[in-house]
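# Remarks on the overall topology
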Amino acid sequence: MTIRDNLANINEKIQEACNKSGRKPEEVTIIAVTKYSSIQRAEELLEAGIRHLGENRDREFLEKYEALQNRAQWHFIGTLQSRKVKGIINHIDYLHSLDRLSLAKEIHKRREELLPCFVQVNVSGEESKHGLKPEETLDFIEQLAPFNKIQVIGLMTMAPLSKDEHTLRKVFSKLKELQLKVQEKKFNHAPCHELSMGMSNDFEIAIEEGATMVRLGTALVGKDI
Ligand SMILES: *Cc1c(COP(=O)(O)O)cnc(C)c1O
C-alpha cells in the first residue's frame with residue numbers, strides 16, 4: 001500500500017465517522033506520525049498533501065526538521081524531558097505533552113514566541129501512561145496563566161491498547177467532558193478548542209467522540225525503519 005492509498009482509506013473512514021456523529025471532515029486534522037519512518041517517507045507524506053507531522057523523540061525530530069524545515073507543521077507528541085526543551089522548542093509548532101509545571105517553566109524560559117500546547121491527560125489511569133489525572137487538570141491549567149508563552153489550545157490523551165469499543169469510547173468522551181469544563185472557565189490563556197486523541201487503531205471512535213486532531217502512524221505511514 002502506498003501512502004496515497006492509505007490516506008484515501010483513512011479519509012473514507014474519517015468521512016464515515018463524521019457522518020455517524022454529525023461532524024464535518026474539515027474539523028479533523030491528520031497528524032502523520034513519522035517515528036517509524038525515514039525522511040523519504042516523510043517527504044512522500046508531504047507530496048500526498050499531508051501538512052502536519054508528529055515526532056516523539058528529540059533526535060529524530062531534529063533530523064526530520066533539518067531536512068524538511070517549514071514544509072511541514074511540526075507536532076512534538078512524546079514525553080519531553082526538561083533538559084531536552086532547549087534543543088527543540090523554537091523549532092516546533094505544537095506540543096502535545098504538557099504535563100507538569102517544571103516543563104512549563106522551562107518552555108517559558110526558552111521559547112521565543114507563543115507556543116500552542118495540549119495538556120496531556122491520563123484518562124485511563126494506566127500507570128505506564130504520562131499525563132495529569134483528570135481531576136487535577138483544571139487546577140493545572142489555571143496555574144499555567146503566568147507562563148505567557150504557553151497557549152493551551154486543547155487536551156491530549158492516549159487510550160489504552162484495547163479493542164473494546166466501550167472502553168475506548170469512555171476514555172475519549174471523558175476527555176471531551178473535561179474540555180467543556182476548561183472552556184467554561186474562559187481562561188484567556190486556555191481557549192482549549194482542540195482535542196488531540198485517536199491513533200491508528202481507534203481514530204474513528206475518537207472522531208465520533210469529538211477529536212479534532214488524530215495522530216496516525218502505522219495506518220498511514222507504516223514502518224520503513
Ligand atoms: C506513536 C504514537 C502515535 C501513533 O501511533 P500509531 O498507533 O502507529 O498510529 C500517536 N501518538 C503518540 C503519542 C505516539 O507516540
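Residues numbered from 1 in each chain as written. Predicted model: local features only at pLDDT ≥ 70, side-chain atom pairs only at ≥ 80, totals over all residues. Heavy atoms only, no water.

To continue, consider the packing of aromatic side chains. Scanning the model with the defined rule gives four aromatic pairs in all. Ring geometry for Phe61 versus Phe76: centroids 6.5 Å apart, planes at 90°, classification edge-to-face. Of the two residues, Phe61 sits in helix α3 (residues 58–68) while Phe76 sits in strand β3 (residues 73–76), which places them 15 residues apart along the sequence. Here Phe61 and Phe76 have matching classes, each one buried. Grouped by ring-pair contacts, the aromatic residues Phe61, Tyr65, Trp74 and Phe76 constitute a single cluster. (Phe/Tyr/Trp six-rings, centres within 6.5 Å; stacked < 30°, edge-to-face > 60°. Helix = DSSP H or I, 4+ residues; strand = E, 2+ residues; numbered from the N terminus. Buried < 20%, exposed > 50% of the residue type's maximum accessible area, 1.4 Å probe, protein only.)

At a minimum axis separation of 10 Å, helix α2 (residues 39–47) and α3 run at an interaxial angle of 55°. Relative to α3, the element α2 lies oblique. Pair α2 / α3 crosses with right-handed handedness. Within the contact between the two elements, α2 uses Ile39, Ala42, Glu43 and Leu46 and α3 uses Glu63, Lys64, Ala67 and Leu68. (Axes fitted to C-alpha atoms, helices over the stretch in contact; angles between N-to-C directions. Parallel < 35°, antiparallel > 145°, perpendicular 65-115°, else oblique. Left-handed = near helix turned anticlockwise from the far one by under 90°. Contact = heavy atoms within 4.5 Å.)

Proximity of charged atoms lets side chains of opposite charge pair with each other. Under the defined criterion, the tally for this structure stands at twelve salt bridges. Among the salt bridges present, the one from Lys84 reaches Asp58, with a minimum N-O distance of 3.7 Å. Highlighted residues: Lys84 in the loop between β3 and α4 (85–88) and Asp58 in helix α3, separated in sequence by 26 residues. A salt bridge links Arg100 to Asp99, with the nearest nitrogen and oxygen atoms 2.9 Å apart. In this structure Arg100 comes out as partly exposed when scored by relative accessible area, which is 25%. (Salt bridge = Lys/Arg side-chain N within 4 Å of Asp/Glu carboxyl O.)

The quantities given are spatial measurements derived from coordinates; they are silent on function.
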